[in-house]
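# Chains, contacts and geometry: an overview
So the chains spell out like this:
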Amino acid sequence: VGHCHPDVVKAAHEQNQLLNTNSRYLHDNLVDYAERLSKTLPEKLCIFYFLNSGSEANDLALRLARQYTKHEDVIVLDHAYHGHLTSLIDISPYKFRNLEGQKEWVHVAPVPDTYRGLYREDHEDSVTAYADEVKNIIEHAHKRGRKIAAFFAESLPSVGGQIIPPAGYFQKVAEHVHSAGGVFIADEIQVGFGRVGKHFWAFQLQGEDFIPDIVTMGKPIGNGHPLACVATTKEIAEAFAATGVEYFNTFGGNPVSCAIGLAVLDVIEKEQLQARATEVGNFLMKILKEQQIKHPIIGDVRGCGLFIGVDLIK
């Protein structure tokens, strides 16, 4: 919502003067903020865990998935980056290829990129073709006696090249993953909070019939303040709680962080930033496409709201 937005600064300052404590102590801000966030999401995503960073959120999502499914393996998209913790480097091809390589419990699916990918715009059904790649990975894993805990993907792959997956792809993938006893995790850390303009969450671009099992958020959620969240279903949360090893985070969900989170949502609403993302994004796409006509080096201009990629070619 902009550097040092006065409303956000004020909310932090006011709450700081009153109370900042760890989240073992109850405070209204935590409940108020969870309620506000829940209004932006599908009804079944109704349990919230608060943390300090996107990496923490993705690590917790991994733990939730594994506890719920009792499986270990994870399917990720090629070139993905999900964070800097050891567990997340392991599921980030963008990183692990330069380090210790791919773990046996990690499976890499091709990015659903219809410009540069395996199946392009001229393919008769790129959605099914890309989803079938995931299905094949699952079948191959099962033959090796392995079981899938989760399909883990950014709703719009960013490090992977500002990719807009074709609508319907996530639905088909979720079908295959659910059949294998796994869950679908949507990483909204870079692309959530109205950035895509049309919707508050980027996964909603896939259609109203698609709902992930777990959604992770970070980056814009606190406008620069360390704040993150995992939203999931009651079933998954209950399976996680059943271990008896409670989830606790000293600073995640503290009163100041929640006051800031609430202020960010207020600003997005008050200043109509979602509509603004659409308006500015459309303008930027228009002038970039004008440049594309003039310069053969620009192969593709793609995007939605303020998530835009310019693909340069030889």
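Residues numbered from 1 in each chain as written. Predicted model: local features only at pLDDT ≥ 70, side-chain atom pairs only at ≥ 80, totals over all residues. Heavy atoms only, no water.

Put simply, the rule is: UniProt positions are given in the numbering used here, feature names are shortened, and annotations may be inferred rather than shown by experiment.
The name given to the protein chain in an unreviewed UniProt entry is AT2L2 lyase, with the source organism recorded as Certhia brachydactyla. In its Cofactor (unreviewed entry) section, the UniProt record describing the protein chain reads: "pyridoxal 5'-phosphate". Looking at the Sequence similarities (unreviewed entry) heading of the UniProt record, one finds this comment for the protein chain: "Belongs to the class-III pyridoxal-phosphate-dependent aminotransferase family."

### Brief notes about the pattern of salt bridges
What counts is decided by this rule: By convention in these notes, a salt bridge is any Lys or Arg side-chain nitrogen within 4 Å of a carboxyl oxygen on Asp or Glu. Every helix listed is a DSSP run of H or I at least four residues long, and every strand listed is a run of E at least two residues long, numbered separately from the N terminus. Under the scheme applied here, a residue whose accessible area is under 20% of the maximum for its type counts as buried, over 50% as exposed, and between as partly exposed, the area being computed with a 1.4 Å probe on protein chains only.
This model, assessed by the stated rule, comprises 17 salt bridges. Asp7 is paired through a salt bridge with Lys270; the nearest N and O atoms lie 2.5 Å apart. With a gap of 263 residues between them, Asp7 in helix 1 (residues 6-18) and Lys270 in helix 9 (residues 255-270) connect regions that are remote in the sequence. With relative accessibility at 57%, the residue Lys270 sits in the exposed group. Here Asp311 makes a salt bridge to Arg116, at a shortest N to O gap of 2.6 Å.

### Observations regarding empty space enclosed by the protein
Under the convention used in this document: A cavity here means a set of 1 Å grid points, computed over protein atoms only, where a 1.4 Å probe fits but cannot escape. A pocket is an open set with protein on both sides within 12 Å along at least 5 of 7 lines, and lining residues have an atom within 4 Å of a point. Grid points are joined across faces, edges and corners, and a volume is the space filled by probe spheres set on the points.
Under the definition given, this model contains one cavity of 30 Å³ or more. What the largest cavity holds in volume is close to 50 Å³. For the largest cavity, the full set of lining residues is Leu77, Asp78, His79, Ala80, His82, Glu154, Pro157, Ser158, Val159 and Gly160.

### A look at the pairing of strand 7 (residues 228-232)
Heads up, the condition is: Being paired, for any two strands, means DSSP has found at least two bridges between them.
Along strand 7, five of the five residues are buried, which leaves the element largely enclosed by surrounding structure. Both faces of strand 7 are covered, namely the face carrying Ala228, Val230 and Thr232 and the face carrying Cys229 and Ala231. Bridge count between strand 1 (residues 47-51) and strand 7: five bridges; the pairing is antiparallel. Of the residues in strand 7, the one forming a bridge with Tyr49 is Val230.

### Some words on the packing of aromatic side chains
Quick reminder of the rule: Each Phe, Tyr or Trp ring (for Trp, its six-membered ring) is paired with any other whose centre lies within 6.5 Å, and the angle between the two planes then decides the class: stacked below 30 degrees, edge-to-face above 60, tilted in between. To sit over a ring, a charge needs its Lys NZ or Arg CZ within 6 Å of the ring centre and within 35 degrees of the ring normal.
Going through the model one piece at a time under the given rule, you end up with 14 aromatic pairs. Ring plane angle 45° and centroid distance 5.7 Å describe the contact between Tyr169 and Phe170, whose orientation is recorded as tilted. For the pair Tyr169 and Phe170, a shared accessibility class is recorded, and that class is buried. Relative to Phe200, the ring of Phe193 lies with its centre 5.4 Å away and its plane at 55°, an arrangement referred to as tilted. By relative accessible area, which is 7% here, Phe193 ends up buried. Among the aromatic residues, those joined into a cluster by ring pairs are Phe151, Tyr169, Phe170, Phe184, Phe203 and Phe210. Above the face of the Trp105 ring, Arg66 is positioned so that its terminal group lies 4.4 Å from the ring centre.

### Here's the deal with helix 7 (residues 169-179)
Quick note on the threshold: By the convention used here, residues are in contact when the closest approach between their heavy atoms is within 4.5 Å.
Buried within helix 7 are the following residues: Tyr169, Phe170, Gln171, Val173, Ala174, His176 and Val177. The inward-facing, buried residues of helix 7 abut strand 2 (73-77), helix 6 (126-143), strand 4 (148-154) and strand 5 (183-187). Positive backbone phi, at 85°, marks Gly181, one or two positions downstream of helix 7.

### Topic: the side chain of Asn52
Our working definition: In protein, a polar contact means a hydrogen-donor-capable atom and an acceptor-capable atom, both N or O and within 3.5 Å, with residues adjacent in sequence counting only if both atoms are side-chain atoms; elsewhere, any N or O pair within 3.5 Å suffices.
Take Asn52: it is sitting in the loop between strand 1 and helix 3 (54-69). Polar side-chain contacts of Asn52 include one of 3.1 Å to the side chain of Glu56. Excluding anything up to four places from it in sequence, Asn52 contacts Pro226, Leu227, Ala228, Asn249, Phe251 and Gly252.

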